[in-house]
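In case you want the letters, here they are:
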Amino acid sequence: MNTSDFAASLSRRAFLGRAAGGMGSLALGALLNPRLFAAEQDRWRGVVNPLHHPAKAKRIIYLYQAGGPSHLETFDYKKTLAEMTGKPMPESLTKGQQIAQLQGKELKCFGPQSEFQYFGQSGQHISSLFPHIGSVADDICIIRSMHTDQINHDPAHTLMNTGSIIAGRPSMGSWLLYGLGAETEELPGYVVLMSSGKGGQMQPIAARQWHSGFLPSRFQGVKFQSKGDPVLYIQNPRGVTPESQKEIVDVVNQLNRLEHDSVHDPEISTRIAQYEMAFRMQTSVPDLMDISKEPQQMLDLYGAKPGDGSFASNCLLARRLAERGVRFIQLYHRDWDHHDNVKKDVPLKAQEVDQASAALLNDLKERGMLDETLVVWGGEFGRTPMAQGTGRDHHIKGFSIWMAGGGIQGGISYGNTDEFGYAAVEKPVHVNDFHATMLHLFGIDHRRLTYRYQGRDFRLTDIAGEVVKEILT
């Protein structure tokens, strides 16, 4: 009997009886060996297989300082600007340039509001507000010549995260998952954590910053809550046992597979994978998020307190996520938007992030993980060298970030802004260049990681981007 004759002869009662038996066997097998639950055909292994070239990094932890940290109080000291405080900014720099809230106003120089000192054998010049980051100066590469195209927060976040100002494009984490797949079956491959503190305006962060855009939705980031249940509905309702829930998931996914075999919609594969992932997360996530099990000396290293939802606790969680195979971990620490009170408020932000940022590098290094973990610290743009009262306006022409681990040379700085800290003039690095370099470290040629959508091949770096080879090991 051929397949079509067999299907025609199969009654509804016989189909349900046989399907139920098969699903029961699948459920029993999954209980005996949970790894069988992750169907081999549903696990995504990436389109870049084999890699375009040898990789230096396996995972990334992005310490995203949302709001636009001032490079002039963090990593880019300008003596000339300090000497010119209160005097007019040279019109040759600012005339015809895009300025946010200072447009049309008198532009006066506003010197650095913190002291700087040299750190490490490499002599990295870093604000004294960041002594812990200074203590790992020989491990980090400071890029002082970043520049971007968008002067307002939301589009600047979108550009930094997706490589485009057009909403609906895939985030960099989604591109990385699409290219390489995940290293874990128990957790999402892309996790987002949020924190906030004191001293600065808090800008909203839209979920589209970690969305998969036109890529299948299985590649989008998953936001974990830092307080309370880490994921909504992670606990079963009263009366629902893991075994009964497992049976339901198995039956639903069996039906989903039948539909997929019929219509070949990739979103059905995503639905199957997400049902299975959600079931496994009910066991893996609560244990993962409970940092109270960490030794007290580790909590002290980060300055973390279990359940406080702080940046420090999230940095410790980032290390735990990295250990468990999560590919892309992004920590948003908000309220770096300093339109006033730079002198008072930037130190508050420094206190919140300095110790934990350095602790993360030291912890990864101690565990032998830093060489394969790319760590990035920075925001969506910088701040103006011109005064906005006691603060600084948004600034796109030049700002600083730092990178460490995962194939990055430590103890170096790259590029420079002019003597006022206004524009990147030496070895400028655009957001597209940053993305190209990031993908390169993972063994991916950014020009070859593409996805066809609406008749066009899209990529994270769009039609631009050059790898910054001088900062690589």
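Bear in mind that the values here come from a model prediction, so they are computed numbers and not experimental data.

Calculation rules
- Residue numbering note: each chain is counted from 1, following its sequence as written.
- Given that the model is predicted, a residue must reach a pLDDT of at least 70 before its local features are reported, and side-chain atom pairs must reach 80 or more before they are shown or counted; all residues, however, enter totals for whole chains, interfaces and linings.
- Hydrogens and water are ignored here; the side-chain numbers use all heavy atoms of the structure.
- Helix and strand labels come from DSSP, where a helix needs a run of H or I of at least four residues and a strand needs a run of E of at least two; each type is numbered from the N terminus.
- To estimate how far a helix should reach, multiply one less than its number of residues by 1.5 Å.
- Only protein chains enter the accessibility calculation, which uses a 1.4 Å probe; a residue whose area is less than 20% of its type maximum is buried, one above 50% is exposed, and one in between is partly exposed.
- Throughout, a residue-residue contact means that at least one pair of heavy atoms, one from each residue, lies within 4.5 Å.
- Contacts described as polar in this section are N or O atom pairs within 3.5 Å, which, within protein, must combine one atom able to donate a hydrogen with one able to accept it, while residues neighboring in sequence count only if both atoms come from side chains.
- The term nonpolar core refers to a set of buried residues drawn from Ala, Val, Leu, Ile, Met, Phe, Trp, Tyr and Cys, joined through side-chain atoms within 4.5 Å.
- A pair of strands is considered paired only if DSSP assigns at least 2 bridges between the two.
- Pairing of aromatic rings covers Phe, Tyr and Trp, the last through its six-membered ring, and needs centres within 6.5 Å; plane angles under 30 degrees mean stacked, over 60 mean edge-to-face, and all others mean tilted.
- Sitting over a ring, as applied to charges here, requires NZ of Lys or CZ of Arg to be within 6 Å of the ring centre and within 35 degrees of the ring normal.
- A pair is scored as a salt bridge if a Lys or Arg side-chain nitrogen falls within 4 Å of a carboxyl oxygen belonging to Asp or Glu.

**Student:** I tried to follow helix α11 (residues 311–323) on my own but got confused; where do I start?
**Tutor:** For the α-helix, the turn length of 3.6 residues means that residues three or four positions removed from each other point alike. The end-to-end C-alpha distance of α11, which contains 13 residues, comes to 18 Å, matching closely the 18 Å that a straight helix rising 1.5 Å per residue would cover. Most of α11 is tucked away: 12 of the 13 residues are buried. In the stretch just after α11, G325 is the one whose phi turns positive, near 95 degrees.

**Student:** Help me understand the environment of S145 in this model?
**Tutor:** Residue position: S145 is located in strand β4 (residues 140–147). According to the relative accessible area criterion, S145 is buried, its value standing at 0%. Between the C-alpha atoms of S145 and N416, which are 271 residues apart in sequence, the distance is 5.0 Å. Sequence-distant contacts of S145, that is, excluding residues within four places in its chain, are made with F399, Y414, G415, N416, A424, E426, K427, P428 and V429. Within the structure, the side chain of S145 is placed 2.6 Å from the backbone oxygen of K427, a separation counted as a polar contact.

**Student:** Even after reading the chapter, I still don't get the nonpolar core, so can you show me in this structure?
**Tutor:** Burial of nonpolar side chains together is a common tendency in soluble globular proteins. By size, the foremost hydrophobic cluster in this structure holds 49 residues, and its most contacted members are L63, I140, Y302, L321, W377 and W402. With sequence-adjacent residues up to four places away left out, W377 is seen in contact with L63, Q65, F75, F130, I133, W336, V353, S357, I401 and W402. By size, the runner-up hydrophobic cluster in this structure holds 48 residues, among which are Y190, M194, F434 and I471.

**Student:** Could you clarify how one ought to interpret the pairing of strand β7 (residues 328–333) in this entry?
**Tutor:** Look at any regular strand and the pattern is simple: side chains alternate between the two faces of the sheet. In terms of burial, β7 is a largely internal element, 6 of the 6 residues being buried. What you see with β7 is no split at all: F328, Q330 and Y332 on one side and I329, L331 and H333 on the other are buried throughout. Bridge analysis of strand β1 (residues 59–65) against β7 gives 6 bridges, and the strand direction is parallel. Looking at the pairing, I60 lines up with F328 of β7. The pairing of strand β5 (residues 190–195) with β7 spans 6 bridges and is parallel. Note that in β7 the partner of L193 across the bridge is L331.

**Student:** Can you walk me through the packing of aromatic side chains in this structure?
**Tutor:** Two aromatic rings are characterised by how far apart their centres lie and by the angle between their planes. Scanning the entire structure with this criterion turns up 21 aromatic pairs. Each ring, one from Y190 and one from F328, has its centre 4.9 Å from the other, and the planes form 70 degrees; the classification is edge-to-face. With a gap of 138 residues between them, Y190 in strand β5 and F328 in strand β7 connect regions that are remote in the sequence. One exposure class covers both Y190 and F328, and it is buried. Every member of this aromatic cluster is reached through a ring pair, and the members are W44, W175, Y178, F214, F219, Y451, Y453 and F458. The residue whose ring lies beneath R456 is F458, and the NZ or CZ to ring-centre distance is 4.3 Å.

**Student:** Which parts of the structure should I look at to understand helix α13 (residues 431–441)?
**Tutor:** Buried residues dominate α13, accounting for 10 of its 11 residues. Three or more residues of α13 are buried, namely V431, N432, D433, F434, H435, A436, T437, M438, L439 and L441. One or two steps after α13, the chain reaches G443, where phi turns positive at roughly 85 degrees.

**Student:** How should the pattern of salt bridges be read in this particular structure?
**Tutor:** A side chain with one charge can pair with a side chain of the opposite charge if their charged atoms come near. Inspection of the entire model under this criterion finds 18 salt bridges. K58 serves as the salt-bridge partner of E372, at 3.7 Å between the closest nitrogen and oxygen. Of this pair, E372 sits in the loop between α12 (342–366) and β8 (373–378) while K58 is found in the loop between α2 (12–32) and β1, placing the two residues 314 residues apart along the sequence. On the basis of relative accessible area, K58 is assigned to the partly exposed category, the value being 35%. Measuring nitrogen to oxygen at the nearest pair gives 2.1 Å for the salt bridge that ties R208 to D154. Here R208, found in the loop between β5 and β6 (222–224), pairs with D154, found in helix α6 (residues 153–162); they are 54 residues apart in sequence, far enough to count as distant. Residue classification places R208 among the partly exposed positions, given a relative accessible area of 32%.

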